[in-house]
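Observations on the model geometry
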Amino acid sequence: MVDLGAIEQVDLRDVWPDEAQDFTPWIAENLDILGDALGLDLELLTNEAAVGSFYLDVLAQEKRSLRPVAIENQLGRTDHGHLGQLLTYAAGYDAKIVVWITGDFRDEHRAALDWLNQKTEDDTQFFGVVVEAWKIDSSRPAPHFRLVAFPNDWQKRTVSTTRQGRSRIESEEGRRYADFYQPVLKALDGQMQLIGKRDVMSQQWYSFHTGVRGVRYGANFYRTDGVARVEVNIAGVNKERHKWMFDSLMERIERIETNLGEPLEWQRLDDSVNSRISIARMGRIDDGPEILEPLREWMVERLLAFKRVFGPHLAELVE
């Protein structure tokens, strides 16, 4: 006879005794687990993000689209106060993805998120998530996120992606990204510091440290445009500071573009916490080697050139 263990639910306070000191930092450090539940690739911008005299628990962004993500959590049962805070914080950062994590959802609050998903534009999404902790016999507790509210088309789209398409993406498209980026990262090794895990290469973008908080160099494939880009991305909770940094760099546009030897695309993005300075070249990940091989060389050269040219200017801005 097979000896099976007994599954037992664990009190959330036994895992995270304090919401602010324990649970919020854990969420910020484990956005990949939350992202798997939501079907999103999330990247932390900051926790305890200021909105006036209030603070959003976690401010993140969706990696591919760079859409701001507002995450508010509570270990107890949902209440009107947290719903109001969630909407205030989402408005403060113009969040396109809004996530409310709680230990228990009242029906009226779940219905409120459903109503918001019906009434808002398609590019704004609200998620209600119940967090649970489970263990088998005397094992360590394991977190589990259970969605109770989500956008109208999310379930159909996510089921299609995870059940029908994920294995294909990982085996085909993911392999193509890994094949493309592995030589790029090897060529940059020792010259630029990668942000994130080096052993995960089945994604369409990579970011590198600049030495300045909130500013990073990036290499991306933009599917909708059919182009690859090398960019400086400026983002963070202090929107005023980061827009100032963009404006200060733009005041030096002539020197920067002269030193690079080519014009750039300058996107201040006033309605976003992000700003971008980039250069693009035609290319898709499913192109043949006659396009991807020179594109790979171009990407390495431009990343190093961005570091050489932008590095001193960024250093001056934070002196």
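Shown above is the structure to which this text applies.
The structure contained in this document is the topic of the report that follows. (Residues numbered from 1 in each chain as written. Predicted model: local features only at pLDDT ≥ 70, side-chain atom pairs only at ≥ 80, totals over all residues. Heavy atoms only, no water.)

1. Focus on the packing of helix 8 (residues 253–260) against helix 9 (residues 289–317)
Basically, it comes down to this: With axes taken as lines fitted to C-alpha atoms, and helix axes fitted only over the stretch in contact, angles between N-to-C directions fall between 0 and 180 degrees. Strands here are runs of E lasting at least two residues and helices are runs of H or I lasting at least four, both read from the DSSP assignment and numbered beginning at the N terminus. For classification purposes, angles smaller than 35 degrees are called roughly parallel, those larger than 145 roughly antiparallel, those between 65 and 115 roughly perpendicular, and all remaining angles oblique. Handedness of a crossing follows from how the near helix is turned relative to the far one, being left-handed for an anticlockwise turn of less than a right angle and right-handed for a clockwise one. The contact rule is simple, with two residues in contact once any of their heavy atoms fall within 4.5 Å. Residues are sorted three ways: Asp, Glu, Lys and Arg are charged, Ala, Val, Leu, Ile, Met, Phe, Trp, Tyr, Cys and Pro are nonpolar, and all the rest, Gly among them, are polar.
Across the interface, helix 8 lies against helix 9 with an axial gap of 10 Å and an inter-helix angle of 155°. Comparing the axis directions of helix 8 and helix 9 gives the class roughly antiparallel. Every pair of crossing elements has a handedness; the one defined by helix 8 and helix 9 is right-handed. Contact residues: R255, I256, N259 and L260 in helix 8; A305, F306, R308, V309, F310 and H313 in helix 9. A breakdown of the residues in the contact of helix 8 with helix 9 according to their chemical character gives six nonpolar, two polar and two charged.

2. Here we look at unusual backbone geometry
Quick note on the threshold: Accessibility here uses a 1.4 Å probe with only protein chains present; expressed as a share of the type maximum, an area under 20% marks a residue as buried, one over 50% as exposed, and anything in between as partly exposed.
With phi around 55°, D137 is a residue other than glycine that occupies positive phi space. Following the sequence through the fold, D137 ends up in the loop between strand 6 (125–136) and strand 7 (142–149). Exposure remark for D137: the relative accessible area of 45% places this residue in the partly exposed category. With phi around 55°, L269 is a residue other than glycine that occupies positive phi space.

3. Quick word on the pattern of salt bridges
Test applied: By definition, a salt bridge exists where a carboxyl oxygen of Asp or Glu is found within 4 Å of a side-chain nitrogen of Lys or Arg.
One pass over the structure, following the stated rule, counts eleven salt bridges. We note a salt bridge from R146 to E132, for which the minimum N-O separation is 3.1 Å. Linking R146 in strand 7 with E132 in strand 6, this pair joins segments that are 14 residues apart in sequence. Residues R302 and E262 are paired through a salt bridge, measuring 2.6 Å at the closest nitrogen-oxygen approach. Taken together, the residues span a long stretch of sequence, with R302 in helix 9 and E262 in the loop between helix 8 and strand 12 (265–267) at a distance of 40 residues. Classification of R302 by relative accessible area gives buried; the value is 18%. Because the salt bridges share partners, they merge into one network encompassing D247, R268 and D270.

Worth remembering: the numbers are spatial, not functional.
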